[in-house]
Amino acid sequence: MIIGVADTTFARANMGAFAVDELKKHTSARIIRVTVPGVKDLPVAAKKLIEEEKCDIVMALGMPGGKDQDKICAHEASQGIMMAQLMTNKHIIEVFVHEDEAKDDAELAWLLEQRTREHAVNAVLMLTRPQDMTKLAGTGQRQGFADAGPARR
Ligand SMILES: Cc1nc2c(=O)[nH]c(=O)nc-2n(C[C@H](O)[C@H](O)[C@H](O)CO)c1C
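If you look the protein chain up in an unreviewed UniProt entry, it shows as Riboflavin synthase from Methanocorpusculum vombati. Database annotation for the protein chain, UniProt heading Catalytic activity (unreviewed entry): "2 6,7-dimethyl-8-(1-D-ribityl)lumazine + H(+) = 5-amino-6-(D-ribitylamino)uracil + riboflavin". Recorded under Sequence similarities (unreviewed entry), the UniProt text for the protein chain is reproduced unchanged: "Belongs to the DMRL synthase family."

Set out below in structure tokens:
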């Protein structure tokens, strides 16, 4: 089993390092990491990890900035990532932390790490224990900020 990790230099924290560190806690799978400039470079990076490096699943890690043009970039990158998933028939877990989700730098740093680590666990579960993901169905999981929890009547 091989897990791909693609991250960016645009992000304001080392998301790839968090992902690799967390993945290693949960799996002995081989990990291949690549870094690209920004989110729009992630789709082809992920596709190459799948097609050329034979990764079974990929984490695509990025931080869209807070400006309008950043949000457009993020939307385009997202569409590319979805297309790459459909072209390869493999999951690419998109881990985007929008810079303006956080109220300040400290919260941004925390969120970039926390969401990455929680999605790393998701990637391992999806690949190795999909039945454990099913146990979490409908539980209002969130990555980073607190879980929403199930809706109550
Ligand atoms: C405007 C812009 N915004 C972002 C962003 O918010 N987050 C990010 O990771 N990258 C951004 N980029 C860079 C592009 O994703 C890409 O790296 C360049 O267009 C080179 O292909 C650009 C150009």
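This brings us to the overall build of the protein chain. A tally of regular secondary structure across the protein chain gives five helices and four strands. Ordered by position in the sequence, the α and β elements of the protein chain form the string β-α-β-α-β-α-β-α-α. Projected onto the principal axes, the alpha-carbon positions of the protein chain cover approximately 45 × 40 × 25 Å. Residues classed as buried in the protein chain amount to 46% of the 153 residues present. Restricting the contact set of the protein chain to residue pairs at least 6 apart, pairs at least 24 apart contribute 72%. Accessible area for the protein chain stands at about 8300 Å²; split by element, carbon and sulfur atoms hold 53% of it. Between the centroid of the 20 positive side chains of the protein chain and the centroid of its 22 negative side chains there is a distance of 5 Å.

Attention now goes to the sheet that holds strand β3 (residues 57–62). Reading across from one edge, β2-β1-β3-β4 is the order of the four strands in this open sheet, with parallel pairing throughout. Whereas interior strands pair on both sides, the edge strands pair on one side only; in this sheet they are β2 (30–36) and β4 (92–96). If you compare each strand with its neighbour and ignore which way they point, the axes differ by 15° on average. Sheet analysis places strand β1 (residues 2–8) next to β3, joined by four bridges and oriented parallel. Residue pairing in the sheet places Ile3 in a bridge with Ile57 of β3. Packing against the sheet, helix α1 (residues 15–26) makes contact with β1, β2, β3 and β4, and its axis sits at approximately 160° to β1. Its contacts with the sheet put helix α3 (residues 68–88) on β3 and β4, and the angle it makes with β4 is roughly 165°.

Contact pair α1 / helix α4 (residues 105–128): the axes reach a minimum separation of 8 Å and the direction vectors enclose 40°. Judged on the interaxial angle alone, α4 and α1 are oblique. For the pair α1 and α4, the sense of crossing is right-handed. Together, Met15, Phe18, Ala19, Asp21, Glu22, Leu23, Lys25 and His26 of α1 and Leu112, Glu113, Thr116, Arg117, Ala120, Val121 and Val124 of α4 make up the contact between the two elements. Its residues assigned to classes, the contact of α1 with α4 shows eight nonpolar, two polar and five charged.

In the vicinity of the ligand, the contacting residues are Phe10, Pro37, Gly38, Val39, Lys40, Asp41, Met63, Pro64, Gly65, Gln69, Asp70 and Cys73. Between the ligand and the protein, one listed contact pairs a nitrogen atom with a backbone N or O atom of Met63 at 3.3 Å. Across the complex, the protein chains shield 70% of the 490 Å² of accessible surface that the ligand would expose by itself.

Attention now goes to the pairing of β3. The element β3 is largely enclosed, with a buried count of six among its six residues. Here β3 shows no split at all, with Ile57, Met59 and Leu61 on one side and Val58, Ala60 and Gly62 on the other all buried. Inspection of the sheet shows β3 paired to β4 by five bridges, in the parallel sense. Pairing of Val58 across the sheet is with Ile92, part of β4. A crossover links β3 with its parallel partner β4, the connecting element being α3, and its sense is right-handed.

Conventions and cut-offs
- Residues numbered from 1 in each chain as written.
- Predicted model: local features only at pLDDT ≥ 70, side-chain atom pairs only at ≥ 80, totals over all residues.
- Heavy atoms only, no water.
- UniProt positions renumbered as here; feature names shortened; annotations may be inferred.
- Helix = DSSP H or I, 4+ residues; strand = E, 2+ residues; numbered from the N terminus.
- Buried < 20%, exposed > 50% of the residue type's maximum accessible area, 1.4 Å probe, protein only.
- Contact = heavy atoms within 4.5 Å.
- Areas by Shrake-Rupley, 256 points an atom, 1.4 Å probe, with all protein chains shown as cover.
- Lys, Arg positive; Asp, Glu negative; His and termini not counted.
- Charge placed at Lys NZ, Arg CZ, Asp CG, Glu CD.
- Pairing = 2+ DSSP bridges.
- Axes fitted to C-alpha atoms, helices over the stretch in contact; angles between N-to-C directions.
- Parallel < 35°, antiparallel > 145°, perpendicular 65-115°, else oblique.
- Left-handed = near helix turned anticlockwise from the far one by under 90°.
- Nonpolar A, V, L, I, M, F, W, Y, C, P; charged D, E, K, R; others polar.
- Near = heavy atom within 4 Å.
- Polar contact = N/O pair within 3.5 Å; in protein donor to acceptor, adjacent residues only side chain to side chain.
- Right-handed = clockwise from strand over helix to strand, strands pointing away.

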